[in-house]
Amino acid sequence: MWVNLGLRASAEACAPICLVDPRSKTPTLFAYKWDLSLTLNSWLSLIYPTMSEDRIATAKLQKQAYEALAKYFKAHDKQVVEIEVLPPAIQPPDGILLQDGHCLGVPKKILALAYIEARSRFFVNAKDGDYHSIALDATKVILLFDPEHLSAANFRKRRLVALQAETSLEEQFVYRKAVKYEFCFLDSILTSPLHRQSKSPTLWYHRFWLLELLCPNSLQGVPKQLRTDFWRTELSTVYKSGERHPKNYYAWQYARRLMDRIDDLQATTDCAQSVKAWCQKHPSDISGWSFLAHLTAKLGRVSEREDLVRDVLRYAMKMQSEHESLWVFIRIVLAHDALQEGRAGVVSVLRKYGTEIESAGDRTVLFGRIQETLNWIGKHSTPIEISHDLKSG
């Protein structure tokens, strides 16, 4: 056991610190004179010079990691970049970042060190209006490492709201540019091969908040071509994020909110066809099929809904697909009241296909999917029409 015999401080210096063994009463260590301006780390460096050197090296690397990432973000703030955490077997030549055009690789250790530095800079400067730009730059690195950091996300929101409130033409130009750059930043995080970030509820809500900031009610007042280009661009972001993180509920929930604001029958039809093509390439993605079911109910004509479901059923039959997600879509849509008028013909085709599969004596999983679908339709759809169809089959 060691005891500190005391520290007598004055404005200039103090007596040495004496650590003694209480049993032998023998002094074992005398520190140098204590200057009140010395930090604890400086004092420790006198006693543990090796540890101090390690800490100094880590602090230096931490600063370099942050500055390298912040510099990269600033150089590409107008572009969508792809960021990936490098595996241990791949290390950058400079030990910090691996850059290839719009692609960036960063080791996990470097990203963690950059986050520590960014978090420190953010909280030091966030409340000081003169240093808001430093805090703003830090939020990008923070959200790259921790996409659920609400303080960083909310700081970016407040900055955009403040810019929106400005009335001068110059400030409004700055605001429009800031919104565009914010979409680029979110695209970079949400569509990069970052498993946790691409499914971040905080970042997807931040994107929806940004959409509301641009269009508080709907996009009806926007020229048709601009409106079309916008929803297609947004949907492509959802697609890519859904590929990075399959069954990405938060991405598809954003797509629902987006299309609710579009509120245009032709756009809904075009979107449904686009989503159907994506789902056929990713037949196990239940979130994508769920969104397609949402769109199917919003189609303007019954014939459009029926054609879409028939296309999906033909795809399932041709591929002999056993994916449960696909068959869940078929049964939910066929049981929905939105397809009540065109349901009988599609169910008839489905029953005939089930009979063929059963006669073949194989593909027992597929036959089970068909039976589950027919049972669901019989239980959850309009009883008169469907029961007649089932009996006639």
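Refer to the preceding data block for the structure.
The following paragraphs examine the structure supplied in this document. (Residues numbered from 1 in each chain as written. Predicted model: local features only at pLDDT ≥ 70, side-chain atom pairs only at ≥ 80, totals over all residues. Heavy atoms only, no water.)

A look at the overall build of the chain
Part 1: Looking only at helices and strands, one finds 16 helices and six strands in the chain.
Part 2: For the chain, the proportion of its 393 residues judged to be buried stands at 43%.
Part 3: Within the chain, contacts between residues separated by at least 24 positions form 60% of all contacts whose residues are at least 6 apart in sequence. (Helix = DSSP H or I, 4+ residues; strand = E, 2+ residues; numbered from the N terminus. Buried < 20%, exposed > 50% of the residue type's maximum accessible area, 1.4 Å probe, protein only. Contact = heavy atoms within 4.5 Å.)

Side note on the nonpolar core
Part 1: Within the largest apolar cluster, 93 residues are counted, with the highest numbers of intra-cluster contacts made by Ile83, Val275, Phe291, Trp327, Phe329, Ile330 and Leu334.
Part 2: With sequence-adjacent residues up to four places away left out, Ile83 is seen in contact with Phe73, Leu104, Val106, Leu144, Ile189, Ser192, Pro193 and Leu194. (Core = buried A, V, L, I, M, F, W, Y, C linked by side-chain atoms within 4.5 Å.)

Some details on the packing of helix H8 (residues 224-244) against helix H9 (residues 249-262)
Each pair of packed helices can be summarised by the angle the axes make with each other and by the distance between the axes.
Part 1: Here H8 crosses H9 at 170°, and the two axes come no closer than 9 Å. When the axes of H8 and H9 are compared, the pair comes out roughly antiparallel. Counted together, Arg227, Phe230, Trp231, Glu234, Leu235, Val238, Tyr239 and Ser241 of H8 and Ala251, Trp252, Tyr254, Ala255, Leu258 and Ile262 of H9 form the full contact between these two elements.
Part 2: Residue classes in the contact of H8 with H9 are distributed as 11 nonpolar, one polar and two charged. (Axes fitted to C-alpha atoms, helices over the stretch in contact; angles between N-to-C directions. Parallel < 35°, antiparallel > 145°, perpendicular 65-115°, else oblique. Nonpolar A, V, L, I, M, F, W, Y, C, P; charged D, E, K, R; others polar.)

A closer look at the packing of aromatic side chains
Given two aromatic rings, their pairing is described by the distance between the two centres and the angle made by the two planes.
Part 1: Counted under the stated rule, the structure contains 12 aromatic pairs.
Part 2: Measuring from centroid to centroid gives 5.9 Å for Phe73 and Phe185, while their planes differ by 70°, and the two rings are edge-to-face. A residue pair is termed long-range when its members are at least 10 positions apart, and Phe73 in helix H2 (residues 49-75) and Phe185 in helix H6 (residues 169-190) qualify at 112 residues.
Part 3: With relative accessibility at 6%, the residue Phe73 sits in the buried group.
Part 4: Seen in terms of ring centroids, Tyr249 and Tyr250 are 5.5 Å apart; in terms of plane orientation they differ by 75°. Their pairing is edge-to-face. (Phe/Tyr/Trp six-rings, centres within 6.5 Å; stacked < 30°, edge-to-face > 60°.)

Some remarks on the side chain of His245
Part 1: Here His245 is to be found in the loop between H8 and H9.
Part 2: Overall, the relative accessible area of 11% leaves His245 in the buried class.
Part 3: Engagement of the side chain of His245 in a polar contact is seen with the backbone oxygen of His195, the distance being 2.8 Å.
Part 4: Residues contacting His245, with those up to four places away along its chain left out, are His195, Ser198 and Lys199. (Polar contact = N/O pair within 3.5 Å; in protein donor to acceptor, adjacent residues only side chain to side chain.)

So, the pairing of strand E6 (residues 103-107)
Part 1: Of all five residues making up E6, four are buried, and the element is well covered by its neighbours.
Part 2: Here strand E4 (residues 82-86) runs beside E6; their pairing, made up of five bridges, is parallel. Bridge assignment links Ile83 to a residue of E6, and that residue is Leu104.
Part 3: As paired strands, strand E5 (residues 98-100) and E6 are joined by three bridges and run antiparallel to one another. Counted as the bridge partner of Asp100 is Cys103 from E6.
Part 4: The turn joining E5 and E6, which pair antiparallel and follow one another in sequence, is formed by two residues; a positive phi near 65° is taken by Gly101. (Pairing = 2+ DSSP bridges.)

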